[in-house]
Amino acid sequence: MGQVSLTSDTNPAPTAEPRIDVGLPVDWALARRTAARLVPAGPPVSRDDAVELVRRLRSDAAVAEGHVRAVTGLGEGLPLLPADVVDRPAWAAAAIDGMAALTAGARLPHTPKVARAVTATTAGLQVGGVLAYLGGRVLGQYDPFGGADGEGRLLLVAPNVYAAQQALNVPSVDFGMWVCLHEATHRLQFTAVPWLREHFSQEVGRFLSMAVLDRLLALTTLLEGHADHVMDAAGPDVVPSVETIRARFTLRRRGGGLVDRLLRALLGVEAKVKQYAVGSAFTKYVVLAVGMDGFNRVWESPQTLPSRAELADPAAWLERVG
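Computed from a predicted model, the values in this text were never measured in an experiment.

Trainee: Looking at this structure, I do not really get the sheet that holds strand 2 (residues 84-86). What am I missing?
Mentor: Strand pairing within a sheet occurs via backbone hydrogen bonds; the two strands may be parallel or antiparallel. An order of 2-5-4 is seen for the 3 strands of this open sheet, with the pairing classed as mixed. In this open sheet, the two strands that pair with only one neighbour each are strand 2 and strand 4 (140-143). Averaged over all adjacent pairs, the angle separating strand axes in this sheet is 25°, with direction ignored. Taken together, the 3 bridges between strand 2 and strand 5 (residues 153-157) define a ladder with parallel strand orientation. Each bridged residue has a counterpart across the sheet, and for Val86 the counterpart in strand 5 is Val157.

Printed below as a string of structure tokens:
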């Protein structure tokens, strides 16, 4: 068959671009109000003990990052910063603001205005309820997009740190530093690796728009497992009771009553616990095989990040990156 030559008279009419909505259909203000109303009160504690815990956690965050740098070899020359120590409602509000900022660029198929408004109300109530539940449990969080300038904010939830320390019956000074080591590792991951913040944001945007779940899960598994490894690797010189804390805290992660376990499963908390284990095992294997400098090849570029399959088979990652 011969080729058909298309002239201007036969050019098809341009098709209209598909309409999209930018940002998730969530009433974030309603989510904040809902979380503030539902988040449980903190445990009873004397004013003196509360003031001392807040003071210590704020300073421990900067000290902890110094220990993290010694373990990881990352972040030389960066300033050592304190943390923001907050209560449960303040954490929930900050988490909601961070979610709103992180998902602001998501591009979704267009939804009629009325339907989107209904969805936003329902989602706002759901997000607020979830964050109220988590607000009674989260010990700390590094939000790479939080803070007044949007450049990152490390939060430590004082009432939850106190409640967990009391429940585990471990030394308060050791437990606070141990928590700070984990969160300071997350802060260093994003501040010492120049491309990671933008890459993480892009992966979230792609996941919400196109469902690239595997890469996002692989990245968050690596970040959590690396932080878990580092908080223990600092060792008994930094946290004298580290082995006791780790053993009891691991049991706490798995525990809880039937209702609590059900909620954790529904909210994906159980999956997150598995992330810690898989990511930590990957980090430990690679560090034992090639040292921390060899492990730090994961931070060279998005292409050197392990895939989900490689997280379960670290030897494959080592072979790929040489």
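Here the narrative resumes, following the displayed structure.
Trainee: Would you take a moment to explain the packing of helix 3 (residues 88-102) against helix 4 (residues 113-135) for this structure?
Mentor: The axes of two packed helices give the description: the angle between them and the distance between them. Contact pair helix 3 / helix 4: the axes reach a minimum separation of 9 Å and the direction vectors enclose 135°. Comparing the axis directions of helix 3 and helix 4 gives the class oblique. Here helix 3 runs over helix 4; the crossing is right-handed. Contacts between helix 3 and helix 4 involve Arg88, Trp91, Ala92, Ala95, Ile96 and Met99 from the first element and Val127, Leu131, Leu134 and Gly135 from the second. Each residue belonging to the contact of helix 3 with helix 4 can be placed in one class, and the counts come to 8 nonpolar, 1 polar and 1 charged.

Trainee: Got a minute to help me understand the environment of Ala36 in this structure?
Mentor: As for its position among the elements, Ala36 is in helix 1 (residues 28-38). We classify Ala36 as partly exposed; its relative accessible area is 47%. Between the alpha carbons of Ala36 and Ala92 there is a distance of 7.4 Å; along the sequence they are 56 residues apart.

Trainee: Got a minute to help me understand the pattern of salt bridges in this structure?
Mentor: A side chain of one charge can pair with a side chain of the opposite charge when the charged atoms of the two come close. Inspection of the entire model under this criterion finds 11 salt bridges. Put simply, Arg187 and Glu65 hold a salt bridge, and the shortest N to O gap is 2.9 Å. Of this pair, Arg187 sits in helix 6 (residues 172-192) while Glu65 sits in helix 2 (residues 47-72), and the two are 122 residues apart along the sequence. An identical accessibility class is assigned to Arg187 and Glu65; each is buried. Between Arg215 and Glu203 there is a salt bridge whose closest N-O contact spans 2.8 Å. Within this pair, whereas Arg215 is found in helix 8 (residues 213-233), its partner Glu203 is found in helix 7 (residues 196-210), the two being separated by 12 residues in sequence. Owing to a relative accessible area of 1%, Glu203 belongs among the buried residues under this scheme. One connected set of salt bridges, linked through shared partners, spans Glu52, Arg55 and Arg56.

Thresholds, definitions, all that
- Residues numbered from 1 in each chain as written.
- Predicted model: local features only at pLDDT ≥ 70, side-chain atom pairs only at ≥ 80, totals over all residues.
- Heavy atoms only, no water.
- Pairing = 2+ DSSP bridges.
- Helix = DSSP H or I, 4+ residues; strand = E, 2+ residues; numbered from the N terminus.
- Axes fitted to C-alpha atoms, helices over the stretch in contact; angles between N-to-C directions.
- Parallel < 35°, antiparallel > 145°, perpendicular 65-115°, else oblique.
- Left-handed = near helix turned anticlockwise from the far one by under 90°.
- Contact = heavy atoms within 4.5 Å.
- Nonpolar A, V, L, I, M, F, W, Y, C, P; charged D, E, K, R; others polar.
- Buried < 20%, exposed > 50% of the residue type's maximum accessible area, 1.4 Å probe, protein only.
- Salt bridge = Lys/Arg side-chain N within 4 Å of Asp/Glu carboxyl O.

Structural measurements only, silent on function.
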